[in-house]
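Here are the chains, one letter per residue:
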Amino acid sequence: MRNVDEFTITHQPIASIDLMEKAARAFVKCFLKTEFNAHKRVAIFCGKGNNGGDGLAIAHLLLHNGYEHVKVYIVNFSARQSDDFAINLQRIDESRCKKVIINHPSELKNVKADLIIDAILGSGLNKPLAGDYAELVKIINKLQKRVYAVDVPTGFFSEGELSADYNGIKAYKTICFQRPKINFFFPESAVATEHHEVVDIQLEEAFIESLSTDFYLTERTDMVRLIKNRKPFSHKGTYGHALLIAGNIDTMGAALLSAKACLYAGAGLTTACIPATGLTALNTLLPEVMALPRDEYTRIENPAKYKAIAIGPGLGINSDNEKLLESLILAARPLVIDADALNILGERPDLLDILPAGSILTPHVKEFDRIFGAHESWWARVQTAIIWARKKQVVIILKNQFSFVCVPNGKVLINPTGNPAMAQGGMGDVLTGILSALLAQGYSATDSAKIGCYIHGLAGDYLASERHVVTASEVAERIPFEMHLLSATN
Ligand SMILES: NC(=O)C1=CN([C@@H]2O[C@H](COP(=O)(O)OP(=O)(O)OC[C@H]3O[C@@H](n4cnc5c(N)ncnc54)[C@H](OP(=O)(O)O)[C@@H]3O)[C@@H](O)[C@H]2O)[C@@H](O)CC1
Ligand SMILES: Nc1ncnc2c1ncn2[C@@H]1O[C@H](COP(=O)(O)OP(=O)(O)O)[C@@H](O)[C@H]1O
């Protein structure tokens, strides 16, 4: 962001102090959406860099917006200060804003605040917190007040491996500028900030887009561009035949959920390869789906007749299923590999080595570590996924609240949709069904993964807007509505 900042200043008629003012305005506008009680006492902790400069400008604006009790705490632990911090400090000195200078953490006493704004250190963090900074942050966290962080919580690295013993500010919400920090998407960030919201400060967009990065956030506009309308005169053959190899005696539901999602995501034909004991359930619940009974060792005759083949949901781990997976991999057909098929891969590194290019793997964290070994952090997991996706020319969807879609060209597409109401068994089976349907309809593995994760989460978000929890079946049923809304606009 720093070079974007510089680029904006040199290419647009805007001074850096004005950019800081814009950032502060954007912060305050967002802050006032939830904090509209101007009687609340606000303590703003400001370091002496530009993050602290933002804090001072925010203090000014809050007073302007009718907040009566705003106090700034200048964290004076460093001799250096940025130019824009100095300008804003002078403005504060000339205003009616209360100011306290803290030269040592022990000087912080009797903080009477309802809300705290953290502007001590932002994206300039270049080493872990230690000494006075660490001590001060500990005291602030102990106050147990609602903290809003400016751009980044103090002590939180925006990118790179996150330490397991985070000692920075624990924010309720981080209001960050222009782009989310990559590390907000990792589960380890939950300890640093419960929520984050990105605000636009009109940095030079064209320049941001031109910066090289391996991380891309999937957006609604991508869906509108990618999802194709159903064509006049098209028929079931146009939209491909998907085969789902799934289910076992005690996990038939997984097969039913995948097959349901496959239907609802638009495959022309769907066949479920399930144990014969599940046929009645399948025919009763999903009469549109064809069945291929799976008893003992089954070979898929003529796999070429299917445009997409998925294997794994509720499959069960046994030698017959292992042989089945092996035969498909040896047939060099791209596959969607999920759940127990991933667990089989974990036991068979030789199969991992010959994965058909164009396949999609959909591991959650445990499945991922079973295949690729234990990892200390999510950052490390994503690095491993990037390497394997490139090496085997496959797509790896590392599933979580924000799923990381690692694609063959080494890029990572971060999926922003989805929510904790979706944290319930069967949700991954639905994703596998959606992916199969998209592949059957002719989308590439990368586009299927990108679209599939997005609409899966979007359906969950729609349902969760009025509910505490959503079920996997309901997510499947919501898919055609979301696809309609997205494709209708293109
Ligand atoms: N384009 C944008 O995004 C815009 C950004 N803006 C704002 O600027 C913020 C970035 O400001 P910044 O570059 O001045 O750095 P900041 O975070 O204030 O740190 C200050 C100094 O602290 C030091 N330091 C680092 N780690 C340390 C540690 N562990 N313990 C102790 N000291 C440590 C380090 O100095 P050093 O140690 O290198 O001398 C560092 O330079 C950004 O977050 C946003 O709020 C907006 O105003 C406008 C648009
Ligand atoms: N908190 C959450 N926020 C968003 N999505 C979630 C959340 N929890 C789970 N999901 C989604 O639900 C799916 C769960 O997959 P998985 O664990 O394989 O489920 P199952 O094996 O029960 O079918 C993933 O796609 C994941 O992204």
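Bear in mind that the values here come from a model prediction, so they are computed numbers and not experimental data. (Residues numbered from 1 in each chain as written. Chains lettered and ligands numbered in written order. Predicted model: local features only at pLDDT ≥ 70, side-chain atom pairs only at ≥ 80, totals over all residues.)

Looking at this structure, how should I read the domain arrangement of the chain?
Bring the parts together and some accessible area is lost; that lost area is often taken as the interface size. Along its sequence, the chain is carved into domain 1 (2-211) and domain 2 (220-488). The gap between the C-alpha centroids of domain 1 and domain 2 is 41 Å. The partner domain 2 presents seven residues to the seven residues of domain 1 that form the contact. Residues of the side of domain 1 that touches domain 2, tallied by class, amount to four nonpolar, one polar and two charged. (Domains from an automatic or database assignment. Contact = placed C-beta atoms within 7 Å. Nonpolar A, V, L, I, M, F, W, Y, C, P; charged D, E, K, R; others polar.)

Before we go on, may I ask you to explain the site of ligand 2 in this structure?
Taken together, 19 residues lie around ligand 2, and Gln401, Gly418, Ala423, Met427 and Gly428 are the ones closest in. At the level of secondary structure, the elements contributing two or more residues to the shell around ligand 2 comprise α15 (427-440) and α16 (445-464). For the shell around ligand 2, a count of residues per class yields six nonpolar, 11 polar and two charged. (Near = placed C-beta within 6 Å. Helix = DSSP H or I, 4+ residues; strand = E, 2+ residues; numbered from the N terminus.)

Please explain helix α2 (residues 16-34) as it appears in this structure.
Since one α-helical turn is 3.6 residues long, residues separated by three or four positions face the same way. Taking 1.5 Å of rise per residue, 19 residues should cover 27 Å, and α2 covers 28 Å from first to last C-alpha, within 8% of that figure. Turning to α2, its buried residues number three or more, namely Leu19, Met20, Glu21, Ala23, Ala24, Ala26, Phe27, Val28 and Phe31. (Expected span 1.5 Å × (residues − 1). Buried ≥ 20, exposed ≤ 12 C-beta atoms within 10 Å, placed from the backbone.)

Teacher, can you tell me more about the confidence of the model for the chain here?
Caution applies to low-pLDDT regions: their predicted coordinates should not be interpreted in detail. Residues of the chain with pLDDT of at least 70 account for 96%, and the chain-wide mean is 94. This prediction of the complex comes with two scores: 0.91 for pTM and 0.91 for ipTM. (pLDDT = per-residue confidence, 0-100.)

Got a minute to help me understand unusual backbone geometry in this structure?
Note: most residues except glycine have negative phi, and most peptide bonds are trans. The phi dihedral of Gln178 is positive, around 70°, even though this residue is not glycine. In this fold, Gln178 is placed in the loop between β6 (171-177) and β7 (193-199). Of note, the phi angle at Asn302 is positive, near 50°, even though the residue is not glycine. Among the residues examined, Asn302 registers 7 C-beta atoms within 10 Å and is labelled exposed.

I keep staring at the sheet that holds strand β13 (residues 336-337) and nothing clicks. Help me out?
Working definition: the strands of a sheet are paired by backbone hydrogen bonds and lie parallel or antiparallel to each other. Spatial strand order, β8-β17-β16-β15-β14-β13-β12-β9-β10-β11: 10 strands in an open sheet with mixed pairing. Only two strands of the sheet have a single partner each, and these edge strands are β8 (215-217) and β11 (290-291). Where strand β9 (residues 241-245) and strand β10 (residues 269-273) come together, five bridges link them in parallel fashion. If you follow Ala242 over to β10, its bridge partner there is Thr270. Across the face of the sheet, α16 comes into contact with β14 (360-361), β15 (395-398), β16 (404-406) and β17 (412-414) while running at roughly 20° to β15. (Pairing = 2+ DSSP bridges. Axes fitted to C-alpha atoms, helices over the stretch in contact; angles between N-to-C directions.)

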